[in-house]
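Coordinates in review
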Amino acid sequence: MVARLNLFGRMAVLLALLSACTLDKEAELRAQLTDWVFLAQTRVFVSKMSCTAAVFDLVRPEISSKVERAKSIETALTRVRNGRPVLFDIPDLSPNEISQQLMSKDLGKGLGMLSTGVGPAKECMEDEVAAGYYAVLMSPDTRTIYDPAGDALLMIYPPGNLAFFLRGNV
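Residues numbered from 1 in each chain as written. Predicted model: local features only at pLDDT ≥ 70, side-chain atom pairs only at ≥ 80, totals over all residues. Heavy atoms only, no water.

Strand order across the open sheet formed by seven strands is β1-β2-β7-β6-β5-β4-β3, with mixed pairing between neighbours. Of all the strands in the sheet, the pair left with one neighbour each is β1 (37-47) and β3 (69-70). Pairing of strand β2 (residues 51-63) with strand β7 (residues 162-168) involves seven bridges; the strand directions are antiparallel. Within β7, the position partnered with Ala-54 by the bridge is Phe-165. (Pairing = 2+ DSSP bridges. Helix = DSSP H or I, 4+ residues; strand = E, 2+ residues; numbered from the N terminus.)

A word on the state of the cysteines. Two cysteines, two sulfur atoms, one covalent bond between them: this is a disulfide. One pass over the structure, following the stated rule, counts one disulfide. Two residues share a disulfide in this structure: Cys-51 and Cys-124, whose sulfurs sit 1.9 Å from each other. The sign of the S-S torsion, about 90°, decides the handedness of the disulfide formed by Cys-51 and Cys-124: right-handed. Remark: Cys-124 occurs in helix α5 (residues 107-124) and Cys-51 occurs in strand β2; sequence separation between them is 73 residues. Each of the two residues, Cys-51 as well as Cys-124, counts as buried. (Disulfide = S-S within 2.5 Å. Buried < 20%, exposed > 50% of the residue type's maximum accessible area, 1.4 Å probe, protein only.)

Let us now look at α5. Residues separated by three or four positions in an α-helix point in the same direction, a consequence of the helix having 3.6 residues per turn. Here α5 spans 25 Å end to end across 18 residues, near enough to the 26 Å set by a 1.5 Å rise per residue. Along α5, the helix axis deviates most sharply at Ser-115, where the bend reaches about 25°. By the burial criterion, the buried members of α5 are Gly-110, Met-113, Thr-116, Gly-117, Pro-120, Ala-121 and Cys-124. The opening residue of α5, the one whose side-chain oxygen lies 3.2 Å from the backbone nitrogen of Gly-108, is Asp-106. (Expected span 1.5 Å × (residues − 1). Bend = angle between axes of the 7 residues up to and from the residue. Polar contact = N/O pair within 3.5 Å; in protein donor to acceptor, adjacent residues only side chain to side chain.)

Running from N to C, helix α4 (residues 95-105) and α5 cross one another at 155°; their axes reach a closest spacing of 6 Å. Put simply, α4 runs roughly antiparallel to α5. Judged by residue contacts, Pro-95, Ile-98, Ser-99, Leu-102, Met-103 and Lys-105 of α4 engage Leu-107, Lys-109, Gly-110, Leu-111, Met-113 and Leu-114 from α5. Along the lines of polarity and charge, the residues of the contact of α4 with α5 split into eight nonpolar, two polar and two charged. (Axes fitted to C-alpha atoms, helices over the stretch in contact; angles between N-to-C directions. Parallel < 35°, antiparallel > 145°, perpendicular 65-115°, else oblique. Contact = heavy atoms within 4.5 Å. Nonpolar A, V, L, I, M, F, W, Y, C, P; charged D, E, K, R; others polar.)

A word on the environment of Gly-117. By the element assignment, Gly-117 lies in helix α5. Owing to a relative accessible area of 4%, Gly-117 belongs among the buried residues under this scheme. Residues Gly-117 and Asp-151 lie 34 residues apart in sequence; the distance between their C-alpha atoms is 9.4 Å. Setting aside chain neighbours within four positions, we find Gly-117 in contact with Tyr-133, Leu-153 and Leu-166.

Confidence in the prediction of the chain, expressed as mean pLDDT, is 87, and 86% of residues score 70 or more. Confidence over residues 1-21 falls short of pLDDT 50; this stretch has three contacts with residues more than four positions distant or in other chains. (pLDDT = per-residue confidence, 0-100.)

Okay, the packing of helix α3 (residues 73-81) against α4 next. Their axes nearest at 10 Å, the elements α3 and α4 cross at an angle of 75°. Classified by the angle between their axes, α3 and α4 sit roughly perpendicular to one another. Along the contact surface, α3 presents Ile-73, Glu-74, Leu-77 and Arg-81, while α4 presents Ile-98, Gln-101, Leu-102 and Lys-105. Its residues placed into classes, the contact of α3 with α4 shows four nonpolar, one polar and three charged.

Scanning the model with the defined rule gives one aromatic pair in all. Considering the side-chain rings of Tyr-133 and Phe-164, the 5.9 Å spacing of their centres and the 45° angle between planes classify their relative orientation as tilted. Taken together, the residues Tyr-133 in helix α6 (residues 127-138) and Phe-164 in strand β7 connect sequence positions 31 residues apart. A relative accessible area of 4% means that Tyr-133 is categorised as buried. Exposure remark for Phe-164: the relative accessible area of 4% places this residue in the buried category. (Phe/Tyr/Trp six-rings, centres within 6.5 Å; stacked < 30°, edge-to-face > 60°.)

So, in C-alpha cells, the structure goes:
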C-alpha cells in the first residue's frame with residue numbers, strides 16, 4: 001500500500017512539473033500583449049519548455065494606460081511584491097539599472113526580474129537577436145514592464161519601434 005502511494009505521489013509531482021512547462025503560443029501571446037502595447041508583425045518567436053522569447057515590431061511605441069506605472073523603485077517594488085505587472089516609468093534608467101536598483105531593495109524580487117530577462121535570452125535567442133537584446137537591455141531609452149506573476153518581461157525600445165518579450169517557464 002505504501003509503495004502504491006509513493007508511486008501515485010511521484011506521478012502527481014511529475015504531472016505538476018509537466019503542466020508547469022507549457023509552451024506559449026504566438027497568437028495567444030499577441031492577444032495578451034495587445035492590452036499593453038500596439039503590436040505590428042512578429043520578427044522572432046521561440047517557445048521551448050524552459051522559456052519564451054519574442055521580438056515584435058510596434059505600430060507605435062506607446063504603452064497602454066492599463067499597465068500600472070511606477071515612478072520610483074519603491075512603488076514598483078510594492079507592485080512586484082503583490083504580483084502585479086508594473087511599468088517602470090523612471091526616466092534615464094536602463095532595464096539593467098532598474099534590476100540592479102530593485103535587487104538593492106529586495107534581492108529576491110530583483111533576482112526574479114533578472115532571471116526572467118537572462119534565462120530566456122540565453123536559451124531561446126539566436127546570437128544576433130541576443131546581441132540586439134543586450135543593446136536594448138542597456139539603453140536608458142528602453143521602457144520596462146515586469147510581470148512577476150507571469151514570470152514575464154516586456155521591453156519597449158522606442159528608437160527601433162521594437163518590443164522584446166521574455167518569459168521563463170519554471
